[in-house]
Amino acid sequence: MAPVAAVLTIFALVFGFLCWLRLLRVSFREHMLLGLLAVFLPPLALLLLLPQWRREREMFALAGAALLFISTSQML
């Protein structure tokens, strides 16, 4: 693995973890069932929170950055 790809992968993992923690907090605040869904199926919970993207803009930005970094690292 190239050093740049390794660094991008680490950033993607950190951003993904921070996004998941934020997703858990927001989901459990909304509803208990949505929180459990965020634990077991995070992408689905993220899609269910899509109508609230203006209020939770930072969480979606973290998810987008993680996706961008991991896809870029896979191309290198």
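Model, not experiment: these values are computed from the prediction.

1. So, the nonpolar core
In terms of nonpolar packing, the biggest core is built from 12 residues, these being Cys19, Leu23, Leu24, Val26, Leu34, Ala38, Ala45, Leu46, Leu49, Met59, Phe60 and Ala63. Elements represented by at least two residues in this core include exactly α1 (3-30), α2 (32-40), α3 (42-48) and α4 (57-75). Looking at this core element by element, the count peaks at four residues for α1. Aside from chain neighbours lying at most four places away, what touches leucine 24 is Gly35, Ala38 and Val39.

2. Observations concerning the packing of aromatic side chains
All told, the structure shown has four aromatic pairs when counted by the stated rule. Ring centres 6.1 Å apart and planes at 40° place the aromatic pair phenylalanine 11 and phenylalanine 15 in the tilted group. Placement of both phenylalanine 11 and phenylalanine 15 in helix α1 is noted, with a separation of four residues, approximately one turn of the helix. Judged by its relative accessible area of 23%, phenylalanine 15 is partly exposed. Arranged with centres 6.5 Å apart and planes meeting at 40°, the rings of phenylalanine 17 and tryptophan 20 form a pair that is tilted. Taken together, the residues phenylalanine 17 and tryptophan 20, both in helix α1 and three residues apart, mark about one turn of the helix. We classify phenylalanine 17 as partly exposed; its relative accessible area is 46%. One aromatic cluster is present, formed by Phe11, Phe15 and Phe69 through successive ring pairs.

Parameters and conventions
Residues numbered from 1 in each chain as written. Predicted model: local features only at pLDDT ≥ 70, side-chain atom pairs only at ≥ 80, totals over all residues. Heavy atoms only, no water. Core = buried A, V, L, I, M, F, W, Y, C linked by side-chain atoms within 4.5 Å. Buried < 20%, exposed > 50% of the residue type's maximum accessible area, 1.4 Å probe, protein only. Helix = DSSP H or I, 4+ residues; strand = E, 2+ residues; numbered from the N terminus. Contact = heavy atoms within 4.5 Å. Phe/Tyr/Trp six-rings, centres within 6.5 Å; stacked < 30°, edge-to-face > 60°.

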